[in-house]
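Notes for the structure review
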Amino acid sequence: MTHSFLTHLDCSRCDRTYDADRPAGLCECGSPLLARYDLAAARSAITPAALAARPATLWRYHELLPVRESGHIVSFGEGMTPLLPMPRLAARVGVRELWMKDDGQLPTGTFKARGAAVGVSRAAELGVRSVAMPTNGNAGAAWSAYCARAGLRSLIVMPVDAPQVNRAECAVTGAELHLVDGLISDAGRLVSQAVAADETLFDVSTLKEPYRIEGKKTIGLEIAEQLGWSLPDVILCPTGGGVGLIAIYKALLELRELGWIDGALPRLVAVQAAGCAPIAAAFAAGARESRAWPDAKTVAFGVTVPKPLGDFLVLDAVYATGGTAIAIPDEDILAAEREAAQLEGTFTCPEGAACFAAARQLARDGWLSADESVVVLNTGTGLKYPDTVVTPVTAAAAPPA
């Protein structure tokens with residue numbers, strides 16, 4: 001039985017194709033590469049019913065993932081995270097159904113584990129032994145953990161302002177960690193210099209290799225399967241580098257080609273923070289690419305990406321599905337984080353909370369209607385951002401005996 005129906009890599013902007021069985025970075029034109037599959041053959045080999053009998057990890061979709069042989073899979077059991085109904089919050093927002101896809105329950109506590117699992121597995125399968133990447137924190141923590149499990153060397157560069165827990169995760173798993181006084185774009189320049197100076201290092205920066213997106217594609221596959229191969233009306237996704245939204249759109253297109261879903265695709269919403277909103281600004285202007293955001297800063301540290309490499313892919317997905325892009329102020333993000341916790345008991349990351357705030361704003365503006373079903377992607381556990389929630393605690397008298 002074929003383990004993967006991967007065929008080749010396509011440039012996301014021009015007509016060049018590449019061999020999928022050699023380590024690959026960007027296209028010659030400087031654009032990201034996308035993995036392609038023989039979906040006609042996959043359709044003959046697997047069915048939704050067959051998937052249901054498989055272990056509840058992201059690897060249940062292995063025919064639609066790039067790892068050629070099961071023995072090369074590097075795993076902590078990631079995937080098939082809960083799709084939690086949020087009825088009280090739905091009533092507060094003003095929609096018929098509100099679901100939270102809770103990727104805070106993944107290994108290392110964020111959805112970055114999906115991309116790391118597939119990216120590291122494929123890199124190791126192709127003979128890569130050392131990787132380098134810039135990160136806002138969570139991706140570095142995930143990739144360093146999976147690299148340790150695979151026996152690969154990892155060089156991680158992150159802003160000095162990144163959450164301290166991410167530093168600890170990288171350090172304890174043996175990554176070569178470097179801190180930069182700046183943003184992820186500054187970290188990216190240092191990684192580029194390191195890769196140029198050391199030919200053994202493979203650059204796995206966001207969208208500079210084609211397989212992180214394949215891991216995150218499983219978010220869309222899982223949502224469709226968990227809803228009985230039907231789809232919500234809207235999916236809201238925190239957007240920094242944009243891989244999550246791009247990946248969900250790719251998953252939906254592949255599912256439609258497989259014939260497992262039909263009808264209109266969900267409207268995709270790119271949710272950004274007002275302190276760093278290049279995609280939202282580009283969408284408001286009707287543009288196909290973004291401009292670099294000056295002086296980027298937000299409590300939603302994971303989406304602090306001033307100029308995403310894949311901005312045009314995010315915008316293409318938003319336009320194609322009739323979606324939108326929205327920027328949320330930090331005070332609304334923090335209020336939504338607390339509201340979700342108090343109404344539903346869910347401690348989300350700030351990036352996920354931004355999506356709840358966005359849903360409220362879109363409903364208030366009439367973009368979301370009261371009869372619609374909505375899925376929010378919570379990309380991480382709030383436990384990784386303890387400093388974003390400061391609750392005064394006072395001493396209390398002992399409870400009565």
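A brief report on the enclosed structure follows.

What counts and what doesn't
Residues numbered from 1 in each chain as written. Predicted model: local features only at pLDDT ≥ 70, side-chain atom pairs only at ≥ 80, totals over all residues. Heavy atoms only, no water. Helix = DSSP H or I, 4+ residues; strand = E, 2+ residues; numbered from the N terminus. Rg over C-alpha atoms; globule rule 2.2 N^0.38 Å. Buried < 20%, exposed > 50% of the residue type's maximum accessible area, 1.4 Å probe, protein only. Areas by Shrake-Rupley, 256 points an atom, 1.4 Å probe, with all protein chains shown as cover. Lys, Arg positive; Asp, Glu negative; His and termini not counted. Charge placed at Lys NZ, Arg CZ, Asp CG, Glu CD. Pairing = 2+ DSSP bridges. Axes fitted to C-alpha atoms, helices over the stretch in contact; angles between N-to-C directions. Contact = heavy atoms within 4.5 Å. Salt bridge = Lys/Arg side-chain N within 4 Å of Asp/Glu carboxyl O.

Focus: the overall build of the protein chain
Along the protein chain, the regular secondary structure elements total 13 helices and 13 strands. Its C-alpha atoms give the protein chain a radius of gyration of 20 Å, near enough to 21 Å, the size a compact globule of 401 residues would have. On the principal axes, the C-alpha backbone points of the protein chain span a range of 65 × 55 × 50 Å. The buried share among the 401 residues of the protein chain stands at 58%. Accessible surface computed for the protein chain: about 15700 Å², of which carbon and sulfur atoms make up 53%. Separation between the mean location of the 35 positive side-chain charges and that of the 44 negative ones in the protein chain comes to 1 Å.

Notes on the sheet that holds strand β11 (residues 267–273)
One open sheet accounts for six strands, arranged β4-β5-β13-β10-β11-β12; its pairing is mixed. This sheet does not close on itself; its edge strands, each paired only once, are β4 (83–85) and β12 (324–328). Each adjacent strand pair in this sheet contributes to an overall mean axis angle of 25 degrees, direction not counted. Two strands pair when backbone bridges link them, and β4 and strand β5 (residues 97–102) are joined in this way by three bridges, in the antiparallel orientation. When the bridges of β5 are listed, L83 appears paired with K101. Where helix α11 (residues 311–320) meets the sheet, its contacts fall on β11 and β12, and the angle it forms with β11 comes to roughly 135 degrees.

With respect to the sheet that holds strand β6 (residues 130–134)
As a general point, the strands of a sheet are linked pairwise by backbone hydrogen bonds and lie either parallel or antiparallel. Ordered in space as β8-β7-β6-β9, the four strands form an open sheet in which the pairing is parallel. Looking at which strands have only one partner, the edges of the open sheet turn out to be β8 (176–180) and β9 (201–203). Geometrically, the sheet is characterised by an average inter-axis angle of 20 degrees between neighbouring strands, direction not taken into account. As judged from the five bridges shared by strand β7 (residues 153–159) and β8, these two strands associate in the parallel manner. Following the sheet pairing, V157 is matched in β8 by H178. Across the face of the sheet, helix α7 (residues 184–197) comes into contact with β6, β7, β8 and β9 while running at roughly 155 degrees to β6.

What about α11?
In terms of residue burial, α11 counts as a mostly covered element, since seven of its ten residues are buried. Here α11 has its buried residues at D311, F312, L313, V314, L315, A317 and V318. The inward-facing, buried residues of α11 contact α9 (243–258), β11, α10 (278–284) and β12.

Description of the pattern of salt bridges
Tallying each qualifying case throughout the model produces 27 salt bridges. Here E169 makes a salt bridge to K384, at a shortest N to O gap of 2.7 Å. Here K384 lies in the segment after β13 (373–378) and E169 lies in helix α6 (residues 164–172), a separation of 215 residues in the sequence. Among the residues examined, E169 registers a relative accessible area of 17% and is labelled buried. The structure contains a network of salt bridges with shared partners spanning D21, R68, R122 and E125.

Any link to function would need more than the numbers given here.
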